[in-house]
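Read off the chains here:
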Amino acid sequence: MNLPTFILKNALRNRRRALLTVLSVGISCALLVTLLTLQRELTVPPESQAASLRIIARNKVSLAQPLPAKQLRVIERIPGVVAVSPFTYFGGNFRDETLTSFAQFAVDPVRFRGLLVEARVMEGSYEAFEKDRLSCMVGIETVGRYGLRIGDRMKFTGTFYPVDLDLKIAAVFGGTIDDRGVFFHHKLLDELSGDPGTVGTWYIRAASPEVANDVIARLNGAFANTAAEVRAETERAFQLGFVSMLGNVKMLVLLISGAVVFTLSLVTISTMSMAIRERFRELAVLKALGFQRRELFAFILAESFGLAALGALLGVGGAWALWTHLDLQKLTSGFLIYFEVTPRIMAWGAAVAALMGVVAALPPAWQTARMSVTEGLQTLD
Amino acid sequence: MVADPIVSIRDLSKVYRQGEIQVTALNQVSIDIQTGEFVVLMGPSGSGKSTLLHIIAGIDRASSGSVLVQGINVANLTESQLADWRNQNVGFVFQSFNLIPVLTAAENVELPLLLTALGRAERRRQVALALDLVGLADRGHHRPDQMSGGQQQRVAIARALVTDPTLIVADEPTGNLDAKSATDVLSILQALSRDSRKTVIMVTHDPKAAGYGTRSLHLEKGEIVA
Ligand SMILES: Nc1ncnc2c1ncn2[C@@H]1O[C@H](COP(=O)(O)OP(=O)(O)OP(=O)(O)O)[C@@H](O)[C@H]1O
Ligand SMILES: [Mg+2]
């Protein structure tokens, strides 16, 4: 026998408690990693991805307020803008549905092409869509769901707009985060609604992720103090804007993480204290045999840290495996895109668990150090 | 001329204070113990036997007076020095065995050797010798809960003598044992003092046990009476 064997035998003497400790650290750790990943997903815009290049500018007053079509001339000339197209949400109901789940947007097909970075035309051709004012381009998921083909007609009843659409499918696209939408000619919408000279929002592409923030600032500045001030944000931030309306999500996630860490420490501290208290007498015997305080401290620390480390390995590893292998994009309909458990997040999870292991060892170690041998020998088993 | 005593106790007092109340557990005790003696400490409950034994063994400290063991004043050692001193000089046997339940008999005996510089093979040899001495050579792989009380106490004695200590202290080692096991344990302690010239100090309530010793000391209210 040697000291490590001794420590191991002690740590595993109560298998059920050791298992429960490892599991509770593991689950808390997995939860913490998940929360940190969620918080990263919600706050860090996807970097060097097409989506972070795309900016949506909407009316500062509200999303429902239109913007003047003549803003186009100004936006086009803003440095860093590579492409811009009107982007107006139609919100119609398909066929006789009462609430259609895929969106329809009126765009300028020529300009819009420059905004489609990751999209690929799967059937038909973009040129056909561009040429035919009454045509549309449909996402492959919608096509699949309704059994549609090139040349089929799609009829929509307006809800916001008092007009109906009758569109012919000219192209089918895929390969984007959300392959469900329908795009049609803004000109058609303008004609049908009596040429109001407005658009819903502007869809803009920045030259690079680095300049995206500058472009946003310039867009906001360009229309400041005009009748139609704009609010520009990345496409991703725009999507997440809906979520953050529920409250300060980042703060909430941090609070929950804090609560998890707190619970985690309470659990490990109490189990470690229990594990040591029932061994008080044995520790007194070890002291009598000549073991030093620092050696007993090392035993307790090694045991506590070892169990916490095992829990961390399980929890962090489990969370990583789960979130890496689940297709969250599909499960959440594109709301969660990357949900990447980064090495940094894993390191945080592991570090917190390891720290808990150390912290949990301190109270019992302190008690043990202070205990006199005679006192310890008198404690009952 | 008599050789220098291995243990020399002078004017040893121990006072416990609990708030207003003072308990004098030991009052001006002076004893000399020679190498190879088997000293039996007797006396009524609360007379200070355990307290005296603990102070000699360096797990408790006196209020005044001195204890010299091989000329070393134990009271002058720091906590850390005292721990090393105990490891090298004192073997403990307790009333309730106090073996580590997750370790086998051999591992329990090996425990104090882990603090020494001995290598693995040498440790094993010493453990085997000690277990053999207490008649448990074949029980090395058993855990405490697989052994009788008498066997557990013999393992504890093996653990106490494996480091070849100056002193073996035993506080009521037969208190939890049946008559047969008690006799075994007492015979082993007697043989250690008689044949191996070990100095043994034992506390007991049992007058028959006192017969195994070379000398009996009676404590009453913290004072030596005979
Ligand atoms: N930690 C302590 N605090 C206060 N008083 C104590 C403490 N330890 C012992 N005493 C008191 O000191 C006296 C001597 O106690 P000690 O344990 O030495 O007696 P003992 O002779 O071993 O008794 P027993 O035969 O019952 O084991 C007793 O009056 C006891 O109450
Ligand atoms: Mg006693």
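Every value quoted in this text rests on a predicted model; they were computed, and no experiment measured them. (Residues numbered from 1 in each chain as written. Chains lettered and ligands numbered in written order. Predicted model: local features only at pLDDT ≥ 70, side-chain atom pairs only at ≥ 80, totals over all residues. Heavy atoms only, no water.)

**Notes on the overall build of chain A**
Where we set the bar: Comment: elements are numbered from the N terminus, with helices defined as DSSP H or I runs of at least four residues and strands as E runs of at least two. For the radius of gyration, the atom set is restricted to C-alpha positions; the globular benchmark scales as 2.2 Å times the number of residues to the power 0.38. Contact between two residues is taken to exist if any of their heavy atoms lie within 4.5 Å; hydrogens are not considered. Throughout, the Shrake-Rupley method with a 1.4 Å probe supplies accessible areas, and for residues the shown protein chains are the sole cover considered. Positive charges are assigned to Lys and Arg, negative charges to Asp and Glu, while His and the chain termini are left out of the count. Positions of charges follow a simple convention, taking NZ of Lys, CZ of Arg, CG of Asp or CD of Glu.
Check the secondary structure of chain A and you find 16 helices and 13 strands. Here the C-alpha atoms of chain A give a radius of gyration of 30 Å, more than 25% beyond the 21 Å that 2.2 N^0.38 yields for 381 residues. In terms of overall dimensions, chain A has C-alpha extents of about 95 × 50 × 35 Å along its principal axes. Taking contacts inside chain A between residues at least 6 apart in sequence as the whole, the part at least 24 apart equals 79%. Counting every atom, chain A has about 18,700 Å² of accessible surface; 61% of that belongs to carbon and sulfur. Taking the 39 positively charged and 33 negatively charged side chains of chain A as two groups, their mean positions are separated by 8 Å.

**A few points about empty space enclosed by the protein**
Residue and element names in this part refer to chain B. Cut-off, in case you're wondering: For each structure, a 1 Å grid was placed over the protein atoms alone; sets of points admitting a 1.4 Å probe that cannot get out are labelled cavities, open sets with protein on both sides within 12 Å along at least five of seven lines are labelled pockets, and lining residues have an atom within 4 Å of a point. Grid points are joined across faces, edges and corners, and a volume is the space filled by probe spheres set on the points. Residue classes follow a fixed rule: Ala, Val, Leu, Ile, Met, Phe, Trp, Tyr, Cys and Pro count as nonpolar, while Asp, Glu, Lys and Arg count as charged, and any other residue, Gly among them, counts as polar.
By the definition in use, this model includes six cavities of 30 Å³ or more. Estimates place the volume of the largest cavity at around 100 Å³. The wall of the largest cavity is formed by 13 residues, among which Ile-55, Asp-60, Ala-62, Val-74 and Ala-75 lie closest to the centre. Among the elements that take part in the lining of the largest cavity, strand S4 (residues 64-69) stands out by supplying three residues, more than any other. Among the residues making up the lining of the largest cavity, the classes are represented as seven nonpolar, four polar and two charged.

**Section: the sheet that holds S4(B)**
Residue and element names in this part refer to chain B. This is how the line gets drawn: Think of it this way: DSSP has to see at least two bridges between two strands before they count as a pair.
Pairing is antiparallel across the open sheet formed by four strands, whose spatial order is S2-S1-S4-S5. The open sheet has two edge strands with one neighbour each: strand S2 (21-33) and strand S5 (72-73). Direction of pairing for strand S1 (residues 7-18) relative to S4: antiparallel, over a ladder of five bridges. Paired with Ser-13 across the two strands is Ser-64, which belongs to S4.

**Digging into the interface of chain A and chain B**
Stated precisely, the cut-off is as follows: Simply put, the buried area is the total loss of 1.4 Å probe accessible area from both parts when two parts are fitted together. The term salt bridge refers to a side-chain nitrogen of Lys or Arg lying within 4 Å of a carboxyl oxygen of Asp or Glu. For the purposes of these results, a polar contact is taken to be a pair of N or O atoms within 3.5 Å, where, inside protein, one atom must be able to donate a hydrogen and its partner to accept one; residues adjacent in sequence count only when each atom of the pair is a side-chain atom.
Between chain A and chain B, the contact holds 23 residues from the first and 26 residues from the second. Where chain A abuts chain B, roughly 2,300 Å² becomes buried across the two surfaces, and 62% of that area is made up of carbon and sulfur atoms. When the area that chain A buries against chain B is broken down by residue, the three leading residues are Met1(A), Leu289(A) and Gln292(A), summing to 30%. Between the two partners, chain A and chain B, sit one salt bridge. Here chain A and chain B share ten residue pairs in polar contact (both at pLDDT 80 or more) between them. Elements with a minimum of two residues in the side of chain A that touches chain B: helix H1 (3-11), helix H12 (280-289), helix H13 (293-325) and helix H16 (373-378) of chain A. Looking at the side of chain A that touches chain B, its residues break down into ten nonpolar, five polar and eight charged.

**Points about the packing of H13(A) against helix H15 (residues 343-370) of chain A**
All names here are of chain A. Put simply, the rule is: All axes here are fitted lines through C-alpha atoms, helices being fitted over the stretch that makes contact, and every angle between N-to-C directions spans 0 to 180 degrees. Orientation is classified from the angle alone, with under 35 degrees giving roughly parallel, over 145 giving roughly antiparallel, 65 to 115 giving roughly perpendicular, and any other angle giving oblique. For any pair of crossing helices, the crossing counts as left-handed if the nearer helix is rotated counterclockwise from the farther one by less than a right angle, and right-handed if it is rotated clockwise.
The geometry of H13 relative to H15 is characterised by a closest axis approach of 8 Å and an angle of 155° between their N-to-C directions. Judged on the interaxial angle alone, H15 and H13 are roughly antiparallel. Here H13 and H15 pass one another in a crossing that is right-handed. Of the residues that constitute the contact of H13 with H15, the class distribution is 20 nonpolar, four polar and one charged.

**Structural notes on the sheet that holds strand S3 (residues 38-42) of chain B**
The pairing of strands in a sheet comes from backbone hydrogen bonds and takes either a parallel or an antiparallel form. Residue and element names in this part refer to chain B. The six strands lie next to each other as S6-S7-S8-S3-S9-S10, forming an open sheet whose pairing is mixed. The open sheet has two edge strands, strand S6 (90-93) and strand S10 (223-224), and neither has a second partner. Packing against the sheet, helix H1 (residues 49-56) makes contact with S3, strand S7 (167-171), strand S8 (199-203) and strand S9 (215-220), and its axis sits at approximately 155° to S7.

**Details of the site of ligand 1**
Residue and element names in this part refer to chain B. Quick reminder of the rule: Each residue is tested against the molecule or strand, and it is near if at least one of its non-hydrogen atoms lies within 4 Å.
Around ligand 1, the structure places 14 residues, and the nearest of them are Ser-45, Gly-46, Lys-49, Ser-50 and Thr-51. Here a nitrogen atom of ligand 1 sits 3.5 Å away from a polar atom, N or O, in the side chain of Tyr-16. Within the backbone of Ser-47, a nitrogen or oxygen atom sits 3.3 Å from an oxygen atom of ligand 1. At three residues, the largest contribution of residues to the shell around ligand 1 is made by H1. Residue classes in the shell around ligand 1 are distributed as four nonpolar, eight polar and two charged.

**Re the confidence of the model for chain B**
The cut-off we apply is this: Known as pLDDT, the predictor's confidence for each residue is given on a scale from 0 to 100.
Taken residue by residue, chain B gives an average pLDDT of 94. The fraction at 70 or more is 99%. For this predicted complex, the interface score ipTM comes out at 0.94, alongside a pTM of 0.71.

**Description of the packing of aromatic side chains**
All names here are of chain A. Test applied: What counts as a ring pair is set by centres within 6.5 Å for rings of Phe, Tyr and Trp (its six-membered ring), and what kind of pair is set by the plane angle: stacked under 30 degrees, edge-to-face over 60, tilted for all other angles. Each residue is placed in one exposure class: buried if its accessible area under a 1.4 Å probe, protein chains only, is under 20% of its type's maximum, exposed if it is over 50%, and partly exposed if it falls in between.
Evaluation of the coordinates by the stated rule reveals 22 aromatic pairs over all chains. Ring plane angle 80° and centroid distance 5.3 Å describe the contact between Phe-6 and Phe-299, whose orientation is recorded as edge-to-face. Here Phe-6, found in helix H1, pairs with Phe-299, found in helix H13; they are 293 residues apart in sequence, far enough to count as distant. Here the two residues Phe-6 and Phe-299 agree in accessibility, since each one is buried.

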